[in-house]
Amino acid sequence: MSSELVNESGPHVGRRALRVEDAALLTGRGHYADDVGVKPGTLQAAILRAPHAHAEIVSIDTAAAEQLPGVRAVLTGADVRQWAAPFPVGVHQPMEHWCMAIDKVRYVGEPVAVVIAEDRYLAEDALDFVEVQYRQLPAAVDPEAAAGAQAPVLHEAVGSNVVTDRHFSYGDPDAAFEAAEHCVSLTIHYPRNSTTPIEGFVVVAEYLAGGEGYDVLSNFQGPFAIHTVVARALKVGSSRLRLRFVKDSGGSFGVKQAVSTYVALLCLAARKAGAPVKWVEDRYEHLMASAAAPNRVTTIEAAVQADGTLAALRYDQMDDCGAYLRAPEPATLYRMHGIMTGAYRVRNLAVRNRVVLTNKTPSALVRGFGGPQMYFALERLMQRIAVELDLDPLEVIRRNLIQPDAFPYRAPAGALIGSGNYQESLALAVGRGNLDELLQRRQAARAAGRLYGIGYAAVVEPSISNMGYITTVMTAEARAKAGPKNGAIASATVSVDPLGCVTVIIDSVPGGQGHRTATAQVVADVLGLAPEDIIVNTELDTQKDAWSIAAGNYSSRFAGAVAGSVHVAALRIREKMAQIAADTLQAPPDTIQFAGGTLYSSEAPDRRLRFHRVAGLTHWSPGSLPADMQPGLRETVFWSPPQAEAPDDKDVINSSAAYGFIFDICAVEVDRATGQVRIDRYVTSHDAGCLLNPALAEGQIRGGFAQGLGAALLEEYRYGADGSFLSGTLADYLMPTACEVPEPIIVHLETPSPYTPLGAKGIGEGNNMSTPVCIANAVADALGVADVRLPLTPSRVHALLAEPEPEPPSAEASRAPAASADGSRAGRDTLRMSGTVQLAAPPERVYAVLMDPDALASVIPGCHALEQVDEHTYRAEVTIGIGVVKARYQAQVTLSDLDPPHGLSLGGKGMSALGTAQGSGTVRLEPMAGGTRLAYDYDIAVSGKVAAVGSRMLEGAAKVILQQLFERLGRKASGETIVARPSWWRRLLAFLGIGR
């Protein structure tokens, strides 16, 4: 074995080892969920989604879809009601969340039906033949308005959109505020954003014969408490829901735990079709309907002494969790509960937590869940304290940090912080980042009239969530009745086969972090082998492998909990092998050493046993083992930190097992003309305990920084006033690329955690907590403003500057609200277009075309049929395709204000399974040399799936459609015959000689 030549020169843990995963991934041989072969006869699914944010389902007609060749079945809410149950929810309220809409839809994109066909193309095409009639209802979109008594109620049985409202008090905050010299407060609106992993959701489900339940392959990441939730929703025992996971995942960042809803949905689809069913989520579906972090409204106040010392903090937090409280929510609101005082030694704390439901996609766990929202409020407040008291913001932070001699430190709400030296971390960032130089740059820039700012953020990063924190949403009496819930169990299995080969199975499904690399390093050190001698299996099977409800890849569990449990299991293997070797070598077991693929006694190092020979004895010769020793070398460990206790009757909760620390410095310059924010330097100092592999750790830091930068400057899920989703393409949901992400300066300090087996703390989420607020503080410093809202797009920065934006190059497709029939402004994504076109025909001929139904049908793009129902009213079937979205509308077109041959008004409205569209405008015809100058002014409002493609694509598509319309109009008026041109796709196929 190669291990004979290594490992006597030092440990592998702590080295910058290359990732073992990369060889397969970089050569295209990764093993993702969509790569796995399926059984013969496996069908494909497509999901019909609600075009409205809030509507009653009047009827669903699937007959036409079911008669299409290749379609095997259509699953509807009636089937779901028969075979399933609502998901359990995290608060005691009579709300029902099913895996599919039953009687009512509550967000755009909610599943309404599933078509199961022989291939995905047939399934997608068949969606157009499922006819759903809706009765639209008013939508609740803004969380503060939704919490009011007059708001439309999403769940009538609850009677309110506020599903939980809890108050907490630690110390004596009222007295502290009464005695304080100053009170500083802020109201924060943290936006809704999400993650966009390169791989979407994948589910392959089968309903097993003989009442054996369901078999599912998915890229679900955990927490595996959701396994129990899904099993209950499917009305089967948990042993009859087998979940299997492949070893590779194209990222997740928290969001793939939300695939649990689709696990239940596709299980029922397989049951309806009587065959295995596969579904692969597309990018549009992922943006619109997978999950997002809840947007949060926070009012935060600090009682402060004149020198900036904190005496008390008061939070009023409201999380907008969307249409349903989907498990494990309200985890985002309560995950940070024990550490609400952050890195500061304030002892008085008051918290009010509310969860409100709105007509948006249900929220879920997104990287750093709870941390970005909480720290944005706390660290913005620290900056405002400095401004309002005319103090140095860095000195305000220093003055309030927990002191080094205070560890282990118990925060007032319960967090038990085991170790740290926050002052040293801060000093490292200041020194390595050369803060003095940045301060000089700021002074010089301001002297020259430029906008330059410096921001700071101090963040305690929790890891290894104590599952009991979620129950803090319940009162102490309700918790006592339900029974205690707590802990952070991680499990691992280490086994050695007859040839001495070592295999490790872990309960964390990786999303690209390098689990296999770090796990191999840990086991190699314990057993005296090389990492390449260790096989790490990350394919989890809930019917065969060790796991618990806390299992999964979330909450920065890997380094502290999962790798820690691997370490403990490997130590048990080592102990057993040491006893075998001691018996053979006639030496005390505690003298046995493991190195270089051998075992030997420290008392006689020249006499060595090969690793594989010692391992083989337990398999080949169990009779020769020491007395009372069981044969075989396989150890499974379940580890949970004893400090992860249930919340007590005063709502004190140590919400995580380990706590790292981050201190960030950001320097920015803001361009007055463009509103562009340029990061001049970013410094991030981390204390994540003992680093297993610094290269992997820095990869996590860079990834978290990039994601945090996206949240700060680009990313936001936008909704119209009627609940229409407006960010359904990557043209409108903008993300940073390598071009926009600068290289941060990374600094490490290692203070080992006393509460994890390897002394490791989490590092995977921290910059997603610290970076958004650090950048915001820098921009606030540059602009001298108090209310900074994310994302800091150029237009939003211009608004903060109170300077008018430059005129756009063309006002032809500027956005403006369109008036509805009653004169009010529509809440949809609305476009206003105006312009002129020159036509080679006189006004009389152009006007005649507009008044002739047959001629009008030939010039309207995508028009299949035009039927006159009144003198100037027509019924039409029109297909409009925008980007990835194509909709067939049943439309009504009305001509009014007729002024032949000078002009008219043109109005229309249409409905499809994908949403509604409504437009109105005027057309004016002016004679000119050689023809007519046509001037148009038109408003178009769309909702549902078409609106979700976003304003940029809508504007582009609208321009194209109008150009086609008026071009055809002129040609028709000139006497040309209009022939529909084949699509570019058909033209390409014809060019290639295909499909002629």
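Each chain carries its own residue numbering, running from 1 in the written order of its sequence. The model is predicted, so local features are restricted to residues of pLDDT at least 70 and side-chain atom pairs to those at 80 or more, both for listing and for counting; the totals for chains, interfaces and linings are taken over all residues. Note that water and hydrogens are dropped before the side-chain values are worked out from all heavy atoms of the structure.

Caption draft 1: Expanded view of the packing of helix α11 (residues 371-388) against helix α20 (residues 766-783). Orientation is described by axes fitted as lines to C-alpha atoms, over the contacting stretch for helices, and by angles from 0 to 180 degrees between their N-to-C directions. A run of DSSP states H or I qualifies as a helix once it reaches four residues; a run of E qualifies as a strand once it reaches two. Both are numbered from the N-terminal end. As a packed pair, α11 and α20 sit with axes 8 Å apart at the nearest point and diverge in direction by 30°. When you trace α11 past α20, the crossing you get is right-handed. Residues Gly371, Pro372, Tyr375, Phe376, Glu379, Arg380 and Gln383 of α11 lie in contact with α20, whose contacting residues are Asn768, Met769, Pro772, Val773, Ala776, Asn777, Ala780 and Asp781. Among the residues forming the contact of α11 with α20, the class breakdown is 8 nonpolar, 4 polar and 3 charged. Two helices cross in a left-handed way if the nearer one is turned anticlockwise from the farther one by less than a right angle. They cross in a right-handed way if the turn is clockwise. The contact rule is simple, with two residues in contact once any of their heavy atoms fall within 4.5 Å. Residues are grouped as follows: Ala, Val, Leu, Ile, Met, Phe, Trp, Tyr, Cys and Pro are nonpolar; Asp, Glu, Lys and Arg are charged; all remaining types, including Gly, are polar.

Caption draft 2: Seen up close, the side chain of Glu461. The residue Glu461 is located in strand β18 (residues 451-465) in this model. The charged side chain of Glu461 is buried without a salt bridge, its nearest counter-charge being Arg335 at 6.4 Å. Looking at Glu461, its side chain comes within polar contact range of the main-chain nitrogen of Glu765, at 3.1 Å. Those residues in contact with Glu461, other than ones at most four positions away along the chain, are Ser556, Ala658, Tyr659, Gly660, Phe661, Ile662, Gly762, Ile763, Gly764, Glu765, Gly766 and Met769. Relative accessibility thresholds used throughout: buried, under 20% of the residue-type maximum; exposed, over 50%; partly exposed, between the two (1.4 Å probe, protein chains only). By the counting rule applied here, Lys and Arg register as positive and Asp and Glu as negative, while His and the ends of each chain are not counted. A pairing counts as a salt bridge when a side-chain nitrogen of Lys or Arg comes within 4 Å of a carboxyl oxygen of Asp or Glu. For this analysis, a polar contact is any N or O atom pair within 3.5 Å, provided that within protein one partner can donate a hydrogen and the other can accept it, and provided that sequence-adjacent residues contribute only side-chain to side-chain pairs.

Caption draft 3: Structural context of the nonpolar core. In these notes, a set of buried Ala, Val, Leu, Ile, Met, Phe, Trp, Tyr and Cys residues joined through side-chain atoms within 4.5 Å is what counts as a nonpolar core. Ranked by size, the top nonpolar core spans 181 residues in total, and within it Leu75, Tyr262, Leu266, Ile385, Phe663 and Ile665 carry the most contacts. If we ignore the near neighbours within four places in the chain, the residues touching Leu266 are Ala45, Val203, Ala205, Val277 and Trp279. Within the second largest apolar cluster, 52 residues are counted, among which are Val502, Val504, Ile534 and Ala570.

Caption draft 4: Here's a closer look at the packing of α11 against helix α12 (residues 393-400). Two numbers describe how α11 lies on α12: the axes approach to 8 Å, and their chain directions differ by 115°. For the crossing formed where α11 meets α12, the hand is right-handed. Residue-level contacts link Glu379, Met382, Ile385 and Ala386 of α11 to Pro393, Val396, Ile397 and Asn400 of α12. Looking at the contact of α11 with α12 residue by residue, the class counts come to 6 nonpolar, 1 polar and 1 charged.

Caption draft 5: Main features of unusual backbone geometry. Of note, the bond from Gly222 into Pro223 is cis; its omega dihedral lies within 30 degrees of zero at 10°. You can see Pro223 is positioned in the loop between β10 (213-218) and α7 (225-233). Not every positive phi belongs to a glycine, and Asp628 is a case in point at roughly 70°. Note that Asp628 resides in the loop between α18 (611-620) and β25 (634-639). By relative accessible area, Asp628 is classed as exposed at 80%.

Caption draft 6: Inspection of the sheet that holds strand β20 (residues 502-506) at higher detail. Read across the sheet, 4 strands follow the order β21-β20-β19-β25 without closing on themselves; strand pairing throughout is mixed. Whereas interior strands pair on both sides, the edge strands pair on one side only; in this sheet they are β21 (534-537) and β25. In this sheet, neighbouring strand axes are inclined to one another by 15° on average, regardless of whether the strands run parallel or antiparallel. Only when DSSP finds a minimum of two bridges between them are two strands counted as paired.

Caption draft 7: Local environment of the confidence of the model for the protein. On average, residues of the protein score 90 in pLDDT, and 91% of them reach the 70 mark or higher. Confidence scores here are pLDDT values: one per residue, from the predictor, ranging 0 to 100. Confidence drops under a pLDDT of 50 for residues 803-828, and excluding neighbours within four residues, the segment shows 52 contacts in the predicted structure. When the criterion is pLDDT under 50, residues 983-989 qualifies, and its contacts beyond four places in sequence or with other chains add up to 3 contacts.

Caption draft 8: Representation of a negative patch on the surface in the model. On the surface, Glu477, Glu645, Asp648 and Asp649 cluster together to form a negatively charged patch. Position of Glu477 relative to the elements: it lies in helix α15 (residues 476-482). What makes a patch is a set of residues exposed beyond 30% relative accessible area and free of salt bridges, joined within 9 Å when like-charged and within 5 Å when nonpolar (Val, Leu, Ile, Met, Phe, Trp, Tyr). Per-residue and other accessible areas were derived by the Shrake-Rupley procedure at a 1.4 Å probe size, with only the shown protein chains allowed to occlude residues. Every charge is mapped onto a representative atom, which is NZ of Lys, CZ of Arg, CG of Asp or CD of Glu.

Caption draft 9: Structural view of the pairing of strand β13 (residues 295-304). In terms of residue burial, β13 counts as a mostly covered element, since 8 of its 10 residues are buried. The sheet contact formed by strand β8 (residues 182-190) and β13 spans 9 bridges and is antiparallel. Residue pairing in the sheet places Thr187 in a bridge with Thr299 of β13. Looking at chain direction, β13 and strand β14 (residues 310-320) are connected through 10 bridges and run antiparallel. Looking at the pairing, Asn295 lines up with Asp320 of β14.

Caption draft 10: The arrangement of the environment of Leu801 in detail. As for its position among the elements, Leu801 is in helix α21 (residues 794-801). In the structure, Leu801 is positioned 126 residues away from Gly675 in sequence and 8.5 Å away in space, judged by C-alpha atoms. If we ignore the near neighbours within four places in the chain, the residues touching Leu801 are Leu451, Arg672 and Leu783.

Caption draft 11: The arrangement of the environment of Ile402 in detail. The topology assignment puts Ile402 in the loop between α12 and β16 (409-410). By relative accessible area, which is 1% here, Ile402 ends up buried. Spatially, the C-alpha atom of Ile402 lies 8.5 Å from that of Gln423, the residues being 21 residues apart in sequence. Non-local contacts of Ile402, meaning those with residues more than four positions away in its chain, are made with Gly342, Ala343, Tyr344, Arg345, Phe407, Tyr409, Ile417, Tyr422 and Gln423.

Caption draft 12: Representation of helix α19 (residues 694-713) within the structure. To estimate how far a helix should reach, multiply one less than its number of residues by 1.5 Å. In this model α19 runs 28 Å from its N-terminal to its C-terminal C-alpha over 20 residues, within 8% of the 28 Å that 1.5 Å per residue would give. Counting buried positions over the 20 residues of α19 gives 15, a clear majority of the element. Sitting at the amino-terminal end of α19 is Asn693, which places a side-chain oxygen 3.0 Å from the backbone nitrogen of Ala695.

Caption draft 13: Region of the structure containing the sheet that holds strand β2 (residues 55-61). Ordered in space as β4-β2-β6, the 3 strands form an open sheet in which the pairing is antiparallel. Either end of the sheet is taken by a strand with one partner, and the two such strands are β4 (104-105) and β6 (131-136). Bridge count for β2 against β6 is 6 bridges, and the pairing is antiparallel. In the strand pairing of β6, Ile60 is matched with Val132.

Caption draft 14: View of the pairing of strand β1 (residues 43-49). Most of β1 sits inside the fold, with 7 of its 7 residues counted as buried. Here β1 shows two buried faces, one formed by Leu43, Ala45, Ile47 and Arg49 and the other by Gln44, Ala46 and Leu48. Taken together, the 6 bridges between β1 and strand β5 (residues 111-117) define a ladder with antiparallel strand orientation. Across the sheet, Arg49 pairs through a bridge with Pro111, a residue of β5.

Caption draft 15: Local environment of the side chain of Asn295. As for its position among the elements, Asn295 is in strand β13. According to the relative accessible area criterion, Asn295 is buried, its value standing at 10%. A distance of 3.1 Å separates polar atoms of two side chains, one belonging to Asn295 and the other to Arg192. In contact with Asn295, other than residues within four places in its own chain, are Pro143, Tyr190, Pro191, Arg192, Met318, Asp319, Asp320 and Lys360.

Caption draft 16: Focus on the pattern of salt bridges. Following the criterion strictly, the structure yields 46 salt bridges and no others. One salt bridge connects Arg135 with Glu56, and the closest N-O pair in it is separated by 2.7 Å. Of this pair, Arg135 sits in strand β6 while Glu56 sits in strand β2, and the two are 79 residues apart along the sequence. Since its relative accessible area comes to 46%, Arg135 is described here as partly exposed. Relative accessible area serves as the criterion here: at 31%, Glu56 is assigned to the partly exposed category. For Arg244, the salt bridge goes to Asp215, with nearest N and O atoms at 2.8 Å. Placement of the pair is Arg244 in strand β11 (residues 241-244) and Asp215 in strand β10, with a sequence separation of 29 residues. Note on Arg244: relative accessible area 27%, which makes it partly exposed. One network of salt bridges, in which partners are shared, links Glu437, Arg441, Arg450, Glu669, Arg678, Asp680 and Arg681.

Caption draft 17: Representation of the packing of aromatic side chains. Pairing of aromatic rings covers Phe, Tyr and the six-membered ring of Trp, with a centre-to-centre limit of 6.5 Å; geometry is then stacked below 30 degrees between planes, edge-to-face above 60, and tilted otherwise. According to the stated counting rule, one finds 17 aromatic pairs in the structure shown. With centroids separated by 6.2 Å and ring planes inclined at 40°, the aromatic side chains of Phe220 and Phe245 adopt a geometry described as tilted. Taken together, the positions of Phe220 in the loop between β10 and α7 and Phe245 in the loop between β11 and α8 (260-273) put the pair 25 residues apart, joining distant regions of the chain. An identical accessibility class is assigned to Phe220 and Phe245; each is buried. Taken together, the ring pairs connect Phe220, Phe224, Phe245 and Trp547 into an aromatic cluster. Whether a charge lies above a ring is judged from NZ of Lys or CZ of Arg, which has to be within 6 Å of the ring centre and within 35 degrees of the ring normal. Over the aromatic face of Phe177 sits the side chain of Arg314, whose NZ or CZ is 3.9 Å from the ring centroid. When the ring centre of Tyr600 is taken as reference, the NZ or CZ atom of Arg608 above it lies at 4.0 Å.

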